[in-house]
Amino acid sequence: MSDAQVAKVIARCPQMFGLSLDRKLKPLVYWLSEIGMSDAQVAKAIATCPSLCGLSLPSNLMPKVQLLRDRGFSDAQIAGTLTVFPALLTYSSKRLAHHMSVLQAQGLLTQTSMRSCMLMTDADFANFETRFD
């Protein structure tokens, strides 16, 4: 990460100082690279959404990525999505699964539609769902 990116992360998420480099940060960076994210993409994702660093890898992040895989997203698509919308992994698994189910049932599940729908309020998404009833 550049000095500017590190400063941005610390300014947005000062609790980063309390995270273990060996138990939290290195495993997260390694895992994101295993999905297929480049060093630059990992840096961008963390700079954009530093709260990712505080989430549990085995009980939070990994199951959400598996959910994306189970819905047909390749690791390359997941890496691309997380580069531009890393906050996707901060939503609850329940919300993520529900939104993807609705989109998939209508043949609308894409990286772009998923991002747009995840950014909707619950009321707006409920209104969106009624279009298909």
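All values derive from a computational prediction rather than experimental measurement.

Overview of the overall build of the protein
Check the secondary structure of the protein and you find eight helices and zero strands. Sorting the 133 residues of the protein into buried and exposed places 38% on the buried side. Expressed as a percentage of contacts within the protein between residues at least 6 apart in sequence, the contacts between residues at least 24 apart total 71%.

Notes on the pattern of salt bridges
Scanning the model with the defined rule gives two salt bridges in all. Across the pair Asp75 and Arg69 runs a salt bridge, and its minimum N-O distance is 2.7 Å. The class for Asp75 is partly exposed, based on a relative accessible area of 27%. The salt bridge involving Asp122 is made with Arg95; its shortest N-O contact spans 3.3 Å. Highlighted residues: Asp122 in helix 8 (residues 122-130) and Arg95 in helix 6 (residues 93-105), separated in sequence by 27 residues.

Some details on the nonpolar core
One finds Leu28, Trp31, Leu32, Leu88, Met100 and Met114 to be the most contacted residues of the largest nonpolar core, which totals 35 residues. Setting aside residues up to four positions removed in sequence, Met100 forms contacts with Leu67, Leu68, Arg71, Phe73, Leu109 and Met114.

A short note on the packing of helix 6 against helix 8
Close contact between helix 6 and helix 8 brings their axes to 11 Å; oriented N to C, the two are set at 25°. By the angle class used here, helix 6 and helix 8 are roughly parallel. The interaxial crossing formed by helix 6 with helix 8 has left-handed handedness. Contact with helix 6, carried on its side by Arg95, His98, His99, Val102 and Leu103, involves Asp122, Phe125, Phe128 and Glu129 of helix 8 and no other residues of that element. Partitioning the contact of helix 6 with helix 8 into residue classes produces four nonpolar, two polar and three charged.

Section: the environment of Gly80
By the element assignment, Gly80 lies in helix 5 (residues 75-84). Since its relative accessible area comes to 26%, Gly80 is described here as partly exposed. Between the C-alpha atoms of Gly80 and Met37, which are 43 residues apart in sequence, the distance is 7.6 Å.

As for the packing of aromatic side chains
With the rule as written, the count across this model stands at three aromatic pairs. With a centroid separation of 6.2 Å and 40° between ring planes, the pair formed by Phe85 and Tyr91 is classed as tilted. Residues Phe85 and Tyr91 agree in their burial class; the two are buried. Where Phe128 meets Phe132, the ring centres are 5.2 Å apart and the plane angle is 80°; that geometry is what we call edge-to-face. Overall, the relative accessible area of 12% leaves Phe128 in the buried class. The class for Phe132 is partly exposed, based on a relative accessible area of 31%. Through a chain of ring-to-ring contacts, three or more aromatic side chains come together here, namely Phe125, Phe128 and Phe132.

Thresholds, definitions, all that
Residues numbered from 1 in each chain as written. Predicted model: local features only at pLDDT ≥ 70, side-chain atom pairs only at ≥ 80, totals over all residues. Heavy atoms only, no water. Helix = DSSP H or I, 4+ residues; strand = E, 2+ residues; numbered from the N terminus. Buried < 20%, exposed > 50% of the residue type's maximum accessible area, 1.4 Å probe, protein only. Contact = heavy atoms within 4.5 Å. Salt bridge = Lys/Arg side-chain N within 4 Å of Asp/Glu carboxyl O. Core = buried A, V, L, I, M, F, W, Y, C linked by side-chain atoms within 4.5 Å. Axes fitted to C-alpha atoms, helices over the stretch in contact; angles between N-to-C directions. Parallel < 35°, antiparallel > 145°, perpendicular 65-115°, else oblique. Left-handed = near helix turned anticlockwise from the far one by under 90°. Nonpolar A, V, L, I, M, F, W, Y, C, P; charged D, E, K, R; others polar. Phe/Tyr/Trp six-rings, centres within 6.5 Å; stacked < 30°, edge-to-face > 60°.

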